Amino acid sequence: MRYRQLTTGSLALGVVLLIDVLRVWLPGIITIFGQAASTPAEVMGAFALGWFVLAMAVPALVRRVGARRVTVVAAVLLAVARLALTSAPGGRPQLWLATAGLFAGLVWLVGVAGGTDRPVPGLALGLAVNAAVHALLDTYDLVWRGGWVAWLLSAVAVVLFLLGTTLPAAPPGPGGARSWLLAGPVLLLAGMVALAPALAQAGMSYLVAGGDVARSPLFGLAPVPVAVAGFLLAALAGPTRGRGRALGPAALLAGVVLFALDSGDLLVAAMLLTAIGLGACLALTDAPGRADAAAGADAARRADDADVAAGADAQGRADAAADVAGAGAEGATGTDDTRRSAARRGYAVAAGMLLFVLGAVGYYSAYDLGYPNAAVPVVVAGVVAAVALAARPSGDRRPGPLPPLRTAGGVAVLALLAPLVADEVAVASNREGPPERLTVVAYNIRMGFGLDGRFDLAALTAAIDRQRPDVVLLSEVDRGWLLNGGHDTLDLLSDRLGMPYVFGPAADPVWGDAVLSRWPVTDPRSRPLPALGAPTGAQALAVTLDLGDGVQAAVVSTHLQPPPDAGPVAQARAVADFATGYAAGRPLVVAGDLNTEPGDEAFEQFTAAGLVDALAVARPLATSPADDPRQQIDHVFVSPGLTATDPVAPRGEASDHLPVAVTLTLPPR
């Protein structure tokens, strides 16, 4: 039993490290390799796809060289890359370090598959632990944090992983290909939906608001321990029998369909159903045929016999380890059937990871290319369900290396700490009397990634906070896209600025615009804007600031998305009409990345509606690109009663845009 537990633990740690690397590599495709707004999505997709296609050649290498050698070398490279990424070097070094780590991780998976016929416990444990730790860190991972604590914890994980990789393991049986095939699709659905702490936080923020907008929730991470426990229990408790076999696939499909409906108030239900369904589908593939069960039982007996012999003395321990290692080598290089089984598992996991990247590219490139993408996660879930149901049930139950209740309970307790430790809720309160002035900052934050491709919350927070704002309007806010690392950037900024938020969805429920305010906010509304062929959706988010003593001001945050080869004229007109109607004569601020310049027809839609360019006295005031600003596309418009002073666009590279800030004097009462 000890050897099976070591194999499971090593696999789980490797999955954790590989996901850490993916959370750097995936956003690097659009922030370093290319630029989502200018580099063709096909080029970025081809770069991503190429490494997974190359991994399809690894099983042949494993068959020629041997699984053990390939696994150990790849594990060392994965560990080194993961540790090096803790320094967050940024730019091309970061991209190529992450790429090296990704490919090493793919090679390692193929090598491990060659020598492991029962991967479900290790895969499930790795996914669950990664989700629990991601939640405990408030979706801001160690790889981005830096500092001695991040280095120490990363080094401990790497050392334990390498120790587990070098220890001998029991020889595999002939099965396991179906389980390994699901590794990639399950990783995709777990990262997008089932085990995504940022999605849980976003979903809870919609339930708090109770409408088409989202607001700062209390205990936003509360669904995570439930999802983790449900996933692990379903995966480790063993496959169901008879008609119950269809329950897991049905739950999975139901959860993913809810997710595909793009409704914020359905996100929590989608997450929980998908988590339980994914775990149950994995368990169905963990049901080997009788021959497989006999082979596995024989391997387990040999490993357990080695454990018994190891208790005699030091020489006995060495002999037992040598026996098990020899048995593993024999399994890897012995009979043709054994070699063919190892090759099948290697090709299965490589194909599964290819499905991962195809699904990820297919889903997220839709926001550049403009085709519907709701079917992508549903199709991937259908593949998982079909593979799970096709697995042949066995009359023999092989005991798992992990006790289901204790394992699920332990990881769930770790995840349960997240709502208690990581959750923070900023509170806005009236100061004494209405203010004479308001400082407004508008900022396109590019999902939190700077020009160097680093997820640098400190730089982003400093760029905003040094203006001492009363209200902040944000564009390109990401609250959980796997492509961008699965962060809830809005919640992280809200915590650091001490300002609660209101969020308006645009592309989908976790991508859009936001308003953060030091003053209480009432009557939030989100208005979808006409798409006009633009692939990414757009909206206008309106809120009312309660400044005390009956004084109010209206604020509208938006990000206009120009249609191909045209300006956002229709969207600008729609925002101007919506904003002036919402304000109803109160002081009004409209700001954001408007993708139009002074003198353009779209720009004039705002002035035609009676609004004033609050940045006029500082023109030209270029804001994009941040390292060499040439375009004036980020703006603040105000109603005539507001007097604008000190407009600035402070330099910095925490995003690909510069923020714009202005101080507004309220009209006398």
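Residues numbered from 1 in each chain as written. Predicted model: local features only at pLDDT ≥ 70, side-chain atom pairs only at ≥ 80, totals over all residues. Heavy atoms only, no water.

Caption draft 1: Summary view of the nonpolar core. W25, L195, F231, F356 and L474 are the most contacted members of the largest nonpolar core, which totals 145 residues. Looking at this core, the element that brings in the most residues is helix α1 (residues 2–33), giving 14 residues. Among all residues touching W25, those that are not within four sequence positions of it are F47, A48, W51, F52, L95, A98, T99 and L102. Listed in part, the 32 residues of the second largest apolar core include L545, A591, V662 and L664. (Core = buried A, V, L, I, M, F, W, Y, C linked by side-chain atoms within 4.5 Å. Buried < 20%, exposed > 50% of the residue type's maximum accessible area, 1.4 Å probe, protein only. Helix = DSSP H or I, 4+ residues; strand = E, 2+ residues; numbered from the N terminus. Contact = heavy atoms within 4.5 Å.)

Caption draft 2: The packing of aromatic side chains, seen in detail. One pass over the structure, following the stated rule, counts 22 aromatic pairs. Judged by centre distance (6.0 Å) and plane angle (80 degrees), the rings of W144 and F449 are edge-to-face. Linking W144 in helix α7 (residues 142–145) with F449 in the loop between β2 (437–444) and α21 (457–465), this pair joins segments that are 305 residues apart in sequence. The pair W144 / F449 is uniform in exposure class, with both members buried. Members of the aromatic cluster, connected to one another through ring pairs, are W25, F33, F47, W51, F52, W96, F103 and F356. If you follow R479 out to its NZ or CZ, it ends over the ring of F503, 5.2 Å from the centre. Note that R586 overlies the ring of Y582, its terminal NZ or CZ placed 5.4 Å from the centroid. (Phe/Tyr/Trp six-rings, centres within 6.5 Å; stacked < 30°, edge-to-face > 60°. Lys NZ or Arg CZ within 6 Å of the ring centre and 35° of its normal.)

Caption draft 3: Region of the structure containing helix α14 (residues 267–285). For α14, spanning 19 residues, the distance from its first C-alpha to its last is 27 Å, which sits close to the expected 27 Å at 1.5 Å a residue. A large share of α14 lies buried, amounting to 15 of its 19 residues. (Expected span 1.5 Å × (residues − 1).)

Caption draft 4: Geometry of the packing of helix α4 (residues 67–85) against helix α8 (residues 147–166). Closest axis-to-axis distance for the α4/α8 pair is 10 Å, and the angle between their directions is 180 degrees. One element, α4, and the other, α8, form an angle in the roughly antiparallel class. Counting all contacts with α4, which are made through R68, T71, V72, A75, V76, L78, A79, R82 and L83, the residues of α8 involved are W151, S154, A155, V158, F161, L162, T165 and T166. For the contact of α4 with α8, a count of residues per class yields 11 nonpolar, 4 polar and 2 charged. (Axes fitted to C-alpha atoms, helices over the stretch in contact; angles between N-to-C directions. Parallel < 35°, antiparallel > 145°, perpendicular 65-115°, else oblique. Nonpolar A, V, L, I, M, F, W, Y, C, P; charged D, E, K, R; others polar.)

Caption draft 5: Up close: helix α24 (residues 601–608). Here α24 has its buried residues at A602, F603, Q605 and F606. Buried residues in α24, looked at end-on, bunch into an arc of 145 degrees, giving them a common side. Counted as exposed and oriented over 90 degrees from the buried face of α24: E601 and A608. If you follow the buried residues of α24, they end up packed against α23 (569–583), β9 (588–593), β10 (612–613) and β11 (634–638). Just past α24, the residue G610 takes up positive phi, approximately 95 degrees. (Arc of directions from axis to C-beta.)

Caption draft 6: Fine view of the side chain of H657. Position of H657 relative to the elements: it lies in the loop between β12 (643–648) and β13 (660–665). Judged by its relative accessible area of 6%, H657 falls in the buried class. Of note is the side chain of H657, whose polar atom sits 2.8 Å from the side chain of D634. Leave out the neighbours within four places in its chain, and H657 touches Y443, N444, D593, T623, S624, A626, I633 and D634. (Polar contact = N/O pair within 3.5 Å; in protein donor to acceptor, adjacent residues only side chain to side chain.)

Caption draft 7: View of the sheet that holds strand β7 (residues 539–548). Across the sheet, which stays open at both edges, the 6 strands sit in the order β6-β7-β8-β9-β11-β10 with mixed pairing between neighbours. Looking at strand neighbours, the two that pair on one side only are β6 (521–528) and β10, the edges of this open sheet. In terms of strand pairing, β9 meets β11 through 5 bridges, oriented antiparallel. In the sheet register, A591 faces β11, and the bridge partner there is V636. Helix-sheet contacts for α23 involve β6, β7, β8 (551–559) and β9, and the interaxial angle to β7 is about 25 degrees. (Pairing = 2+ DSSP bridges.)

Caption draft 8: Here's a closer look at the sheet that holds strand β3 (residues 471–478). Spatial ordering of the open sheet is given by β1-β4-β5-β3-β2-β13-β12, a layout of 7 strands whose pairing is mixed. What marks the edges here is a single partner per strand, and that holds for β1 (214–215) and β12. One ladder, built from 6 bridges, connects β2 with β13; its direction is antiparallel. Of the residues in β13, the one forming a bridge with A442 is V660.

Caption draft 9: Up close: a nonpolar patch on the surface. A surface patch of nonpolar side chains, amounting to about 780 Å² of accessible area, comprises W148, V149, L152, L153, V156, V159, L160 and L163. Structurally, L163 is set in helix α8. (Patch = residues over 30% accessible without salt bridge, like charges linked within 9 Å, V, L, I, M, F, W, Y side chains within 5 Å. Areas by Shrake-Rupley, 256 points an atom, 1.4 Å probe, with all protein chains shown as cover. Salt bridge = Lys/Arg side-chain N within 4 Å of Asp/Glu carboxyl O.)

Caption draft 10: Structural context of the pairing of strand β4 (residues 501–508). For β4, the tally of buried residues reaches 6 of 8 residues, placing the bulk of the element in the interior. Examined bridge by bridge, β1 and β4 share 2 bridges and lie antiparallel to one another. Each bridged residue has a counterpart across the sheet, and for A214 the counterpart in β4 is F503. Note that β4 and strand β5 (residues 511–517) share 6 bridges and pair antiparallel. The partner of F503 across the bridge, within β5, is A514.

Caption draft 11: Representation of the pattern of salt bridges in the model. Counted under the stated rule, the structure contains 11 salt bridges. The salt bridge partner of R82 is D20, with a shortest N-O separation of 3.1 Å. Of this pair, R82 sits in helix α4 while D20 is found in helix α1, placing the two residues 62 residues apart along the sequence. By the burial criterion, R82 is buried, and D20 matches it.

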